[in-house]
Amino acid sequence: MLQKTSHFMRQANLIGGEWVAADSGATLDVNNPATGLSIGNVPKSGKAETRRAIEAADAAFESFSKTTANERAKILRTMHDIMLDNQDALAELLTLEQGKPLAESKGEIAIGAAYLMWFAEEGRRVYGDLVPSPWADRRIMVRKEPVGVVAAITPWNFPSSMLARKIGPAIAAGCTSVIKPASQTPYSGLAWGVIAQEAGLPAGAMNIVTGSASEIGGELTRHPAVKKITFTGSTEIGKILLKQSANTVKKVSMELGGNAPFIVFNSADIDRAVEGAIAAKYRNSGQTCVCTNRFYVQSRVYNKFVEKLAEKVEGLKVGPGLEAGTVQGPLIDNNAVEKVEELIADAVGKGGRIVAGGKRHELGHSFFQPTVIADAKHRMRVTKEEIFGPVAPVYKFTKEEDAVRLANDTQYGLACYFYSNDLGQVFRVMEGLKYGLVGVNEGIITTPEAPFGGMKESGLGSEGGRHGIDEYLDTKYVCIGGLGL
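So, how was this worked out
Sequence positions are assigned chain by chain, starting from 1 and proceeding in written order. Only residues with pLDDT of 70 or above have their local features reported here, since the model is predicted, and side-chain atom pairs are shown and tallied only from 80 upward, although totals for entire chains, interfaces and linings are computed over all residues. Think of the side-chain values as coming from all heavy atoms in the structure, minus any hydrogens and water. Each axis is a line fitted through C-alpha atoms, taken for helices only over the stretch in contact, and angles between the N-to-C directions span 0 to 180 degrees. We count a stretch as a helix when DSSP gives it H or I for four or more residues in a row; a strand needs E for two or more, and each element gets its number in order from the N terminus. Each angle receives one of four descriptions, namely roughly parallel if under 35 degrees, roughly antiparallel if over 145, roughly perpendicular if within 65 to 115, and oblique otherwise. The crossing is said to be left-handed when, going from far helix to near helix, the turn is anticlockwise and less than a right angle, and right-handed when the turn is clockwise. For this analysis, residues touch if any pair of their heavy atoms sits within 4.5 Å. By definition, two strands form a pair when at least two bridges between them are found by DSSP. The cut-offs for exposure are 20% and 50% of the maximum accessible area for each residue type, with area from a 1.4 Å probe on protein chains only; residues under the lower value are buried, those over the upper are exposed, and the others partly exposed. In protein, a polar contact requires one atom able to donate a hydrogen and another able to accept it; more generally it is a pair of N or O atoms within 3.5 Å, and residues adjacent in sequence count only if both atoms are side-chain atoms. Given a helix with a known number of residues, its expected span is that number minus one, times 1.5 Å.

Novice: Honestly, the packing of helix 13 (residues 400-408) against helix 14 (residues 423-432) in this entry has me stumped. Any pointers?
Specialist: Think of two packed helices as two axes; the pair is described by the angle between the axes and how far apart they sit. Viewed as axis vectors pointing N to C, helix 13 and helix 14 meet at an angle of 25°, and their least axial separation amounts to 10 Å. On the basis of their axis angle, the class for helix 13 and helix 14 is roughly parallel. The two elements helix 13 and helix 14 cross, and the hand of that crossing is right-handed. Contacts between helix 13 and helix 14 pair Glu-400, Val-404 and Asn-408 from the former with Gln-425, Arg-428, Val-429 and Gly-432 from the latter.

Structural data, given as structure tokens:
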């Protein structure tokens with residue numbers, strides 16, 4: 001498998017169809033979070049390399065935008081097949097640089113491929129309109145056209161599938177792209193270049209640059225040839241990119257931070273809620289933007305839920321992602337561990353009670369025990385700050401309206417979850433929660449067929465579903481007169 005993995009592990013930028021180093025020759029080390037050891041390096045690029053990548057994408061757009069939807073769909077289907085044919089190798093590469101269990105990595109590769117197949121078909125359904133004209137001698141048309149060069153900036157927690165949600169619709173719409181993967185997990189991003197080349201995507205239609213986030217991001221937002229920015233990451237960085245993009249009035253898609261509540265009502269199936277809680281909190285060691293940040297449990301079932309959750313959490317196997325049976329890998333780095341420790345110390349200092357975990361794991365490096373904190377209080381930092389780690393604070397509530405109010409008491413509005421077997425309550429709560437994604441009696445709800453996007457400061461626009469490709473299209477109104485009708 002290692003030989004197959006190395007085939008996708010490129011340590012160079014992809015610009016205009018060529019694999020090249022940074023102009024300075026400088027590199028960035030990439031470390032395996034499970035061992036702390038370097039697994040390789042990638043170019044430390046900046047403005048100049050990014051500018052050439054944009055120019056290559058701009059040049060390629062002229063011809064690529066004129067290809068047919070069927071031609072682009074064929075490329076996407078071929079990319080899909082390459083991913084699934086090499087699922088094990090791509091998953092191993094992902095685990096090596098990111099740390100998540102191999103089973104989760106395989107799932108990430110699979111859903112990434114599914115996004116490609118979805119958009120291969122959606123690209124063939126980009127319909128315009130013929131609008132009834134108010135003038136007898138004119139006809140009105142509405143066309144959908146590719147927006148142009150797309151800049152895609154992605155995070156380290158899902159380094160493959162986050163790009164699939166951007167690459168898929170960009171190619172389907174006829175856009176070209178410049179990709180900036182996270183410096184901590186660049187290899188899964190660079191692997192997309194190998195996949196694209198093998199699938200026959202024209203040179204320059206996809207460019208990938210690694211290196212300085214500020215220099216690369218600054219050039220992407222400044223350059224007038226870039227017509228759209230699509231970013232997944234923190235709200236803080238998203239706001240910076242929005243401000244920078246305003247100068248050239250770029251189209252933007254922002255999938256930003258979250259503070260997901262998970263509500264368990266008295267009527268819930270508690271065992272099902274606990275299973276959903278494990279999935280919604282501890283997947284990828286709690287390092288997802290849709291991970292539960294706050295558990296609100298109604299008073300009558302509070303103790304039962306905490307007891308069952310703690311029991312399940314203590315049974316989770318922590319270990320290197322490539323080790324059989326591992327369900328929780330390491331955190332991405334020591335900074336992440338220190339942040340988790342700070343949040344736990346704050347919670348305990350304000351009355352929280354640790355009922356599972358709470359410490360660094362005996363494996364060392366950046367491994368951390370899956371943790372449950374009972375008796376959570378709203379003055380704790382975990383109430384407002386995104387944890388991004390395997391820590392579950394559990395709050396008690398009495399009334400339904402209190403749960404909805406507390407769940408909405410945040411600037412974020414990405415994902416939320418609740419468990420109830422009361423049908424009227426399901427509709428009341430679903431309608432009252434101000435979130436872009438709502439899971440009812442389910443802990444994992446992401447799928448290519450549905451839109452993924454947040455409200456409030458969690459972002460702008462949607463990825464996935466039939467809505468996802470609209471973010472990569474411009475609408476053009478055409479009025480044809482002088483027809484002599």
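Novice: I'm lost on the sheet that holds strand 6 (residues 139-146) in this one. Help?
Specialist: Whether parallel or antiparallel, the strands of a sheet pair through hydrogen bonds between backbone atoms. Strand order across the open sheet formed by three strands is 5-6-22, with antiparallel pairing between neighbours. With partners counted over all chains shown, the strands left at the sheet margins are strand 5 (129-131) and strand 22 (473-480), one partner each. Put simply, the sheet's adjacent strands are angled 25° from each other on average, direction ignored. Examined bridge by bridge, strand 6 and strand 22 share eight bridges and lie antiparallel to one another. Across the sheet, the residue bridging to Lys-144 is Thr-475, located in strand 22.

Novice: Looking at this structure, I do not really get the side chain of Asn-259. What am I missing?
Specialist: Checked against the element boundaries, Asn-259 lands in the loop between strand 11 (251-255) and strand 12 (260-264). Among the residues examined, Asn-259 registers a relative accessible area of 1% and is labelled buried. At a separation of 3.0 Å, a polar atom in the side chain of Asn-259 contacts the side chain of Asn-293. Engagement of the side chain of Asn-259 in a polar contact is seen with the backbone oxygen of Thr-383, the distance being 2.9 Å. Beyond its immediate stretch of four places on either side in the chain, Asn-259 contacts Asn-293, Arg-294, Thr-383, Lys-384, Thr-410, Tyr-412 and Tyr-435.

Novice: Looking at this structure, how should I read helix 6 (residues 161-173)?
Specialist: Think of an α-helix as 3.6 residues a turn; residues three or four steps apart then line up on the same face. End to end, helix 6 covers 18 Å across 13 residues, agreeing with the expected 18 Å (1.5 Å per residue, within 8%). Gly-174 sits one or two residues past helix 6 and shows a positive phi near 100°.

Novice: What is the right way to read the sheet that holds strand 13 (residues 292-298) from this model?
Specialist: Spatially, the seven strands line up as an open sheet ordered 14-15-16-13-12-18-19, and their pairing is mixed. This sheet does not close on itself; its edge strands, each paired only once, are strand 14 (353-356) and strand 19 (437-440). Strand-to-strand twist in this sheet, taken as the mean axis angle between neighbours without regard to direction, amounts to 25°. Pairing between strand 18 (residues 415-419) and strand 19: four bridges, direction parallel. The residue of strand 19 that forms the bridge with Tyr-417 is Gly-439. The strands touched by helix 10 (residues 270-282) are strand 12, strand 13, strand 15 (371-374), strand 16 (391-397) and strand 18; relative to strand 12, the strand with the most contacts, the crossing angle is about 170°.

No statement about biological role is implied by the geometric values presented.
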